[in-house]
Amino acid sequence: MGVISLINEVKKQKILYKIIIAVFCILFLHTSVYAKNSLKIALTGKYPPFSYYNETGELTGYDVDISGAIAFELGMDADIITTEWDGILAGLLSGKYDVIIGSMAITKQRKKKVNFTKPYYYSGAQLFVAQEYVENIKNIKDCYGKKIGVNLGETYEHYLRNKHPQIDVVTYKSTVDIFKDIKNKRIIGLVTDKMVGSWQIKKSKQAIFPIGKMLYKEDIAIPIKKSNPKLLKKINIALEKIEKKGIKQKIYDKYFTINNALKDETQANSSLFLFKILKGFAITLFVAIISLFLGFVVAIPTAIVLNSDKGIIKRITRFIVDFIRGTPVLIQLFFIYFGAPQIGIVLSPISSAIITLSINASAYMAEVIRSGLMSVPYGQGLAGRALGFSKTQIFVYIIWPQAFRIAIPSLVNSVIALTKDTALISIISVGEVIREAQSIISITFNPIKYYFFVAILFFMVTFPLMKLAGKLERNIKKKGFEVD
Amino acid sequence: MKETLRKRDLKLIKIENISYTFKNGTQALKDISFDIPQNRITSIMGESGSGKTTLLRCLGQFIKPQQGTILYNHKNINNIEEKVYRSKLGIVFQNLNLFPHLTVEKNISLALNKVKNTTTDEAKQQTEHLLEKLNISDLIAAYPSQISGGQAQRVAIARALALKPEYLLLDEPTSALDPATTKDFGNWLIQLRDDTSFIIVTHDEVFAKQVADNIIELSHGMIATQ
């Protein structure tokens, strides 16, 4: 079916004719085996709760279940292909799959290219409030003068500020944070996508309920190529059937219906989560160790320059070090990650992280080493000179070993501070521990537990370092070094 | 007695008409001339501000007098390479500057190893010999922070002597020592003068008289007595 229509269409394009014949032959072989009982369906697999991989790595979600139900009604197997959202329509048009059951909203632009089935669900902006406000708040206008949470960057913020400026809108980085603040009574509710919001509330097991109708609504339907009206008709019939049989409602309830007797069908696989966090932490430590090492290597010559007498090189170095120490690491990170591509250097997130943290580490360590060098008495160099050592020998055998010993406790403190700074790199999507934790929290809605676990991991590394710093300091004092 | 000794003198260091003026205009040394004989202990005495430290710095090649010359073996020291000159003339500073991160043994053997290029083993052996000869073998494994002022003074001298200089310049060697220790130290030093010539800058008259074969007294940048 899909194959035949494809051929009809491309026959018009004579240049491609021969290629199409070849493709036809391959597809004929293919379809003769599979086509009769397989419907090729595309979705992203990255849009919980519509399509996503659950804790056991299984593709699941509302769209996935709807796909299965439709294919069943058609008497076919659902052959689900996951693909990126960008280009998902192009893939349909080029015949890579027959339909997209991927929560696509009907828009005028899309309608020009493809046919849509009847909507299989509706979504849009929905107001939700905590249980204690359900009595008093019956619509959005009842929220005037009250605090409502939205996710930063979502269209709902813009919508509320324009249409209901009387509402005190509070922005959050994630829905998880919004739920926490509803619990903390900082806000009374939230506005978000009706379907996604319902699912998140269900997962979080919090008593939060939708109020009134959707503030605005989108029709979600299945796009099919215009050259395949037969399939469009068949699927519309299938949608009607699953609706009548109550299958659609069952699927809906599975993901979205909020009730207080919730059963968590996807029991959190804690050991898998812990493994993911540990893996993320390994990346964090890797980035920290590499950055600290590179930073240290750069810090030594920098400190020597800073400790020199005068000159333009010293002044430039001084300024750079001050600038790095005086600006937020977060902004330096953005600067390298987003700025470098502007001058033609495209860095991976992890390289950007390592470069930024190395530069940062070198500035802090240079300062520590410089103060170590300064605290070696002038007479030490003089004595070395009197004994006939060369300048390099004086530095290597006399000044540096003392400066380093004096600097060690402060250096270890820098290492602790910089290791903790590594947590910032999640912002440029390095898959380190914070990012892993965030992704787990977006499914489990348990930020306290997982962030606490991450904090403990950091502490397990930093605590021995702190002890070490203390011990080294005592040892150094015992040997008669001056420590500031 | 002085006459007979003088005949033996080789007069390796000859100071000729040197003057030194600081940038602020203070004249520290005014036209000073004298000889420093070999195999002797020469003491340069004077109150603070008399110019003795400036003279020591000139002798140590750390600063250059604006006028006059210092001859070492008939050669202007300004024309002698620093490294060569340092091997001939050792200096022990007032605050000794022992290396706190190294043991006594390493303090001494480091220069033998790195400057004189002897092997590590040989440097260690030489150090052990020297410490034995100087009666301070028991300090070999100690760190500078673990020994007394008098011991540190001896170690600092041992460190300089290890390189076998012809002259050894000591700056206020007794400043940190009590009178009894000073006396012991003086006796210890006298035994060493046959191998090395000492130039001792000090304000301690008792000590100078105890150890010195000849005393040069500085006052206001000029020689008071010789």
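Source: prediction; values computed, not measured. (Residues numbered from 1 in each chain as written. Chains lettered and ligands numbered in written order. Predicted model: local features only at pLDDT ≥ 70, side-chain atom pairs only at ≥ 80, totals over all residues.)

Trainee: Before we go on, may I ask you to explain the interface of chain B and chain A in this structure?
Mentor: It is common to give the size of an interface as the accessible area that goes away when the parts come together. In this assembly, 20 residues from chain B lie in contact with 17 residues from chain A. Contributing elements (two or more residues each) for the side of chain B that touches chain A: helix H3 (82–88), strand E6 (89–92) and helix H4 (104–114) of chain B. Partitioning the side of chain B that touches chain A into residue classes produces ten nonpolar, seven polar and three charged. (Contact = placed C-beta atoms within 7 Å. Helix = DSSP H or I, 4+ residues; strand = E, 2+ residues; numbered from the N terminus. Nonpolar A, V, L, I, M, F, W, Y, C, P; charged D, E, K, R; others polar.)

Trainee: Sorry if this is basic, but what is going on with the confidence of the model for chain A here?
Mentor: Interpreting fine coordinate detail is not advised for predicted regions of low pLDDT. All names here are of chain A. Averaged over chain A, the pLDDT score is 84; the fraction of residues at 70 or greater is 88%. Low pLDDT, under 50, characterises residues 27–35; the stretch is placed with four contacts to residues that sit more than four places away or in other chains. Throughout residues 260–267 the model reports pLDDT below 50, and contacts reaching past four residues in sequence, or to other chains, amount to four contacts. (pLDDT = per-residue confidence, 0-100.)

Trainee: What should I look at first to understand helix H16 (residues 391–421) of chain A in this one?
Mentor: Note: α-helices contain 3.6 residues per turn, so residues at a spacing of three or four share the same orientation. Here H16(A) is 31 residues long, yet its end C-alpha atoms lie only 37 Å apart, well below the 45 Å a rise of 1.5 Å per residue gives. Of all the bends found along H16(A), the most pronounced is centred on Ile408(A) and spans about 50°, while Pro409(A), a proline, follows it within four residues. (Expected span 1.5 Å × (residues − 1). Bend = angle between axes of the 7 residues up to and from the residue.)

Trainee: Honestly, the pairing of E6(B) in this entry has me stumped. Any pointers?
Mentor: Within a regular strand, the side chains alternate between the two sheet faces. Residues and elements named next belong to chain B. Covered by surrounding structure in E6 are Leu89 and Ile91 together with Gly90 and Val92, the residues of both alternating faces. Pairing of E6 with strand E7 (residues 167–171) involves four bridges; the strand directions are parallel. By the bridge assignment for E7, Val92 is matched with Leu170. (Buried ≥ 20, exposed ≤ 12 C-beta atoms within 10 Å, placed from the backbone. Pairing = 2+ DSSP bridges.)

Trainee: Just to check I follow, could you spell out helix H11 (residues 270–307) of chain A for this structure?
Mentor: For H11(A), with 38 residues, the first-to-last C-alpha span of 52 Å sits near the 56 Å given by 1.5 Å per residue. For H11(A), the principal kink sits at Ala299(A) and spans about 30°; a proline, Pro301(A), occurs within the next four residues.

Trainee: Before we go on, may I ask you to explain the sheet that holds strand E2 (residues 27–36) of chain B in this structure?
Mentor: Residues and elements named next belong to chain B. Taken together, four strands build an open sheet; the order of strands is E2-E1-E4-E5 and the sheet is antiparallel. Each having just a single partner strand, E2 and strand E5 (75–76) make up the two edges of the open sheet. In terms of strand pairing, strand E4 (residues 67–72) meets E5 through two bridges, oriented antiparallel. Residue pairing across strands places Leu71 opposite Asn76, the latter belonging to E5.

Trainee: Please explain the sheet that holds strand E9 (residues 121–130) of chain A as it appears in this structure.
Mentor: Backbone-to-backbone hydrogen bonds pair the strands of a sheet. The strands run either parallel or antiparallel. All names here are of chain A. An order of E7-E13-E9-E12-E10-E11 is seen for the six strands of this open sheet, with the pairing classed as mixed. The open sheet is flanked by strand E7 (104–105) and strand E11 (168–172), the only strands paired with a single partner. As defined by bridge partners, E7 adjoins strand E13 (residues 208–221) across two bridges and the pair is classed as antiparallel. Residue pairing across strands places Ala105 opposite Ile220, the latter belonging to E13. Sheet contacts for helix H8 (residues 194–204): E9, strand E12 (189–193) and E13; angle to E9, the most-contacted strand, approximately 50°. (Axes fitted to C-alpha atoms, helices over the stretch in contact; angles between N-to-C directions.)

Trainee: Looking at this structure, how should I read the packing of H4(B) against helix H5 (residues 120–133) of chain B?
Mentor: For any two helices packed against each other, the geometry comes down to the angle between their axes and how far apart the axes lie. All names here are of chain B. Relative to each other, H4 and H5 sit at 130°, their axes nearing to 9 Å. With respect to H5, the element H4 is oriented oblique. Crossing of H4 against H5: the hand is right-handed. Residues Glu105, Ile108, Ser109, Leu112 and Asn113 of H4 lie in contact with H5, whose contacting residues are Thr120, Ala123, Lys124, Gln126, Thr127 and Leu130. When grouped by side-chain class, the residues that make up the contact of H4 with H5 number four nonpolar, five polar and two charged. (Parallel < 35°, antiparallel > 145°, perpendicular 65-115°, else oblique. Left-handed = near helix turned anticlockwise from the far one by under 90°.)

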